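# Chain and residue survey
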Amino acid sequence: MSPRVREHIEKTGGAVNDTISYAGGLGYLGYDSIRWTLRGLVGRPKLSGESLATQMVRVGVKAVPIIALVHLFIGMILPLEMAPILKQYGMESSIAIVQVKAVFPQLAPIFSAIVLAGFAGAAIAAELGTMVVSEEIAALKTMALDPVRYLVVPRVLACVVMLVCLTIVADLSAWLGGLFVYGSILGNSSMEYYQQSVTALLPRDVISGLIKALVFAVLVGLIACHEGLKVSGGAEGVGRATTRSVVLAIVAIIASNMVLTVVFYYVYQWLDRI
Amino acid sequence: MDEQKEPILELAGVSKRFGDIVVIDDLNLAVMPGETLVIMGSSGCGKSTTLRMMIGDLEPSEGQARMFGVDLAAASDAELNSVRKRFGILFQSGALFNSMTVADNIALPMREHTSLDENVIRIMVKMKLELVGLRDFENLMPSQLSGGMKKRVGLARAVALDPEILFYDEPTAGLDPIATAVTDQLVIDLSKKLGVTSIVVTHDMTSAFRIADRMAMLYRGKLIALGPPDEIRNSDDERVRQFIEGLADGPIPLRQSRTDYAEDLLSGPMESGRA
């Protein structure tokens, strides 16, 4: 075998190996977090409500205006893109239907999660990475405090709670953005938009969106914590971890959304049959 | 040293390898309750690795590290945690939690591991800070402290749970001579006042001779000297002499490279040089 071919095979194998071990590390962190969360719920040792609240404010509350703004704009552009083509078929009144079907199960959870990855994920990775570099994590361990219980669990839980709430904010903002454009620029009746969307929107659209938000939040939180905790090599390592946490989180969000959408598709078919 | 006493901390035939590199080679060391042992050696001799194995942060490749009779590598998480509550460690940088005030840093182990009332904890924090001479610094953030003060707060936190063993990782590195003397005095006071066993890793000779009951010197992962300060001071071993006198010339080379210089220069990616 020529050395060049050999080199490529080795590189490919190395990349596959790295990916699997990364997924394994992430999975283990997830398992550990769930274990500590369950133990926290039965109170041995108790889950600290105070640190959870601190993280929720940090992760979510400050992101509310950004999420609202982003989704208001998304909600405004969608009808403008749809209007010309739907008008040709005389279906302009259906804009609201497409709007809610696009926003509630797909756009709102995805974009909210991406904003969360950039907003909170990066901050978490940088924070934990700095703590590794300054020996704070080592200090925690020697104090018999588990970093997963003490640092990861409140952060991941805060991501979950806040992203689900943020997705609701996003849903409403995008819907309002659509309402505004439909009524003003397109010159239609706002009442029609309201009625159309209320009839079209099914509970499953909202619920599937919120379930997705939950999964995305776990991924964003775990990836950020994982990247932060495995930092090595000083300030440069922290920078790398921050970037990687955002990039990986976005890939994970899009990929898991694809999987979840397929799953929901079959679940709905099954539900409709019974 | 009383012969009947059991060692509180023991390294028995401990070796540590990272890949092919042997960092610690068959180390035997027993620490008796109440003594202050200084572990010294030049950078890269395996001091930090030894310390990390002593506290159970690293597993030895061979041999056993035992603290309070517990084999750290074989211990369960719960056992390890109960050992961890019985020792304190002062990290090189202090390793304070930067997001917490000085008081919260010191209170953290007490809040997490005891069911003490918050008022009692507040008083305890004041007492620990008084011990290191930093009372009324409670409400400052670590970023507002100097390097020496951070170390002292770190020390106050290390003694929060009244440990039986205290580890110091380079307690005087980066401190001025006065701060060094103050820190040394603190180490001595703590071992006298609280009766704790102290293990100090350092390359500061002045401070080592000031605080040590016994000294151990590591060289290339091996223990080359062990004994009371006087014995070390009068050692015939040339490597020990060079180290304690701080000479550039001697058996310990400046160069730590493991390969031959000429060979290293001539080998290498000749092929890819063109690409």
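Residues numbered from 1 in each chain as written. Chains lettered and ligands numbered in written order. Predicted model: local features only at pLDDT ≥ 70, side-chain atom pairs only at ≥ 80, totals over all residues.

To continue, consider the overall build of chain B. Along its length, chain B carries ten helices and ten strands. For chain B, the C-alpha radius of gyration of 21 Å lies close to 19 Å, the compact-globule estimate for 275 residues. Once the C-alpha set of chain B is aligned to its principal axes, its extents read approximately 70 × 55 × 45 Å. A buried classification covers 38% of the 275 residues belonging to chain B. (Helix = DSSP H or I, 4+ residues; strand = E, 2+ residues; numbered from the N terminus. Rg over C-alpha atoms; globule rule 2.2 N^0.38 Å. Buried ≥ 20, exposed ≤ 12 C-beta atoms within 10 Å, placed from the backbone.)

Moving on, we come to the overall build of chain A. Of the regular secondary structure elements, chain A holds nine helices and zero strands. Dimensions along the principal axes, computed over C-alpha positions, put chain A at roughly 65 × 60 × 45 Å. Going through the 274 residues of chain A one by one, you find that 39% of them count as buried. Summarising the internal contacts of chain A: among those between residues at least 6 apart in sequence, 87% fall at separations of at least 24. (Contact = placed C-beta atoms within 7 Å.)

Next up on the list: the sheet that holds strand S1 (residues 9-18) of chain B. Residue and element names in this part refer to chain B. Ordered in space as S2-S1-S4-S5, the four strands form an open sheet in which the pairing is antiparallel. Edge positions in the sheet fall to strand S2 (21-31) and strand S5 (70-71), since each has one partner strand and no second. Of the pairings in the sheet, the one linking strand S4 (residues 62-67) to S5 comprises two bridges and is antiparallel in character. Bridged to Arg66 within S5 is Asp71. Relative to S1, helix H1 (residues 47-54) is tilted by about 125°, and along the sheet it contacts S1, S2 and S4. (Pairing = 2+ DSSP bridges. Axes fitted to C-alpha atoms, helices over the stretch in contact; angles between N-to-C directions.)

All names here are of chain B. As paired strands, S1 and S4 are joined by five bridges and run antiparallel to one another. Pairing of Leu11 across the sheet is with Ala65, part of S4. Taking the residues that link successive antiparallel strands as the turn, the S4-S5 hairpin has two residues, and the phi of Phe68 there is positive, at about 50°.

Glancing now at the interface of chain A and chain B. Taken together, the ten residues of chain A in the interface contact 14 residues of chain B. Its residues assigned to classes, the side of chain A that touches chain B comprises five nonpolar, two polar and three charged. (Nonpolar A, V, L, I, M, F, W, Y, C, P; charged D, E, K, R; others polar.)

As for its placement among the helices and strands, Met100 of chain B is situated in the loop between strand S6 (87-90) and helix H3 (102-113). C-alpha of Met100 of chain B to C-alpha of Asp136 of chain B: the two residues are 36 residues apart in sequence and 16 Å apart in space.

Residue and element names in this part refer to chain B. End to end, helix H4 (residues 118-131) covers 20 Å across 14 residues, agreeing with the expected 20 Å (1.5 Å per residue, within 8%). Along H4, the positions that sit buried rather than exposed are Val125, Lys128 and Leu129. End-on view of H4: buried residues confined to an arc of 95°, all on one side of the axis. Facing away from the buried surface of H4 by more than 90 degrees, the exposed residues are Asn119, Val120, Ile123 and Glu130. (Expected span 1.5 Å × (residues − 1). Arc of directions from axis to C-beta.)

With 141 residues, the main nonpolar core has Leu116, Cys159, Leu163 and Val220 of chain A together with Phe167 of chain B as its most contacted residues. Here this core gets 21 residues from one element, more than from any other, and that element is helix H4 (residues 95-133) of chain A. Sequence-distant contacts of Leu116 of chain A, that is, excluding residues within four places in its chain, are made with Ala63, Gly121, Cys159, Leu163, Leu166, Ala217 and Val220 of chain A. (Core = buried A, V, L, I, M, F, W, Y, C linked by C-beta atoms within 7 Å.)

The subject of this paragraph is the confidence of the model for chain B. Here chain B averages 86 in pLDDT, while 94% of its residues score no lower than 70. Both confidence scores are given for the complex: pTM 0.84, ipTM 0.79. (pLDDT = per-residue confidence, 0-100.)

Turning our eyes to something else, we now look at the sheet that holds strand S7 (residues 165-169) of chain B. Residues and elements named next belong to chain B. The strand order across the open sheet built from six strands is S6-S7-S8-S3-S9-S10, with neighbouring strands paired in mixed fashion. Taken across any chain shown, the strands that pair with only one partner, and hence form the sheet edges, are S6 and strand S10 (222-227). In this sheet, neighbouring strand axes are inclined to one another by 15° on average, regardless of whether the strands run parallel or antiparallel. Contacts from H1 reach strand S3 (36-40), S7, strand S8 (197-202) and strand S9 (214-219) within the one sheet, and its direction differs from that of S8 by about 150°. Running at roughly 160° to S8, helix H6 (residues 177-193) makes contact with S3, S7 and S8 of the sheet.

This part covers the pairing of S6 of chain B. Residues and elements named next belong to chain B. Covered by surrounding structure in S6 are Phe87 and Ile89 together with Gly88 and Leu90, the residues of both alternating faces. Judged from the four bridges that link them, S6 and S7 form a sheet pairing that is parallel. Within S7, the position partnered with Phe87 by the bridge is Ile165.

Here the focus is the environment of Ala75 of chain B. Residue and element names in this part refer to chain B. Here Ala75 is to be found in the loop between S5 and helix H2 (77-84). For the pair Ala75 and Val14, spaced 61 residues apart in the sequence, the C-alpha separation amounts to 17 Å. With sequence-adjacent residues up to four places away left out, Ala75 is seen in contact with Val70, Leu80 and Val83.

Right, let's get into the packing of helix H6 (residues 147-183) of chain A against helix H8 (residues 203-229) of chain A. All names here are of chain A. It is at 8 Å that the axes of H6 and H8 come closest, and there the two elements cross at 145°. In this structure, H6 crosses over H8, and the sense of that crossing is right-handed. Where H6 abuts H8, its residues Pro147, Val152, Arg155, Val156, Cys159, Val160, Leu163, Val164, Thr167 and Asp171 lie against Gly209, Leu210, Ala213, Leu214, Phe216, Ala217, Val218, Val220, Gly221, Leu222, Cys225 and Leu229. Looking at side-chain class alone, the contact of H6 with H8 contains 17 nonpolar, three polar and two charged residues. (Left-handed = near helix turned anticlockwise from the far one by under 90°.)

Glancing now at helix H1 (residues 3-41) of chain A. Residues and elements named next belong to chain A. Here H1 is 39 residues long and its end C-alpha atoms lie 56 Å apart, about the 57 Å a rise of 1.5 Å per residue gives. Burial runs low along H1: only three of the 39 residues are buried. Of the residues one or two after H1, Gly43 is the one with positive phi, at around 90°.

Below, the discussion takes up the confidence of the model for chain A. On average, residues of chain A carry a pLDDT of 92, and 100% of them reach 70 or more. Here helix H2 (residues 49-59) of chain A stands out as the least confident element of chain A, with mean pLDDT 87; H8 of chain A is the most confident, with 95.

To continue, consider unusual backbone geometry. All names here are of chain B. Even without a glycine there, the phi angle at Asp26 is positive, about 45°. Mapped onto the fold, Asp26 is located in strand S2. Given 15 C-beta atoms within 10 Å, Asp26 falls into the partly exposed group. Within the chain, Phe68 stands out as a residue other than glycine whose phi angle is a positive 50°. For Phe68, the location among the structural elements is in the loop between S4 and S5.

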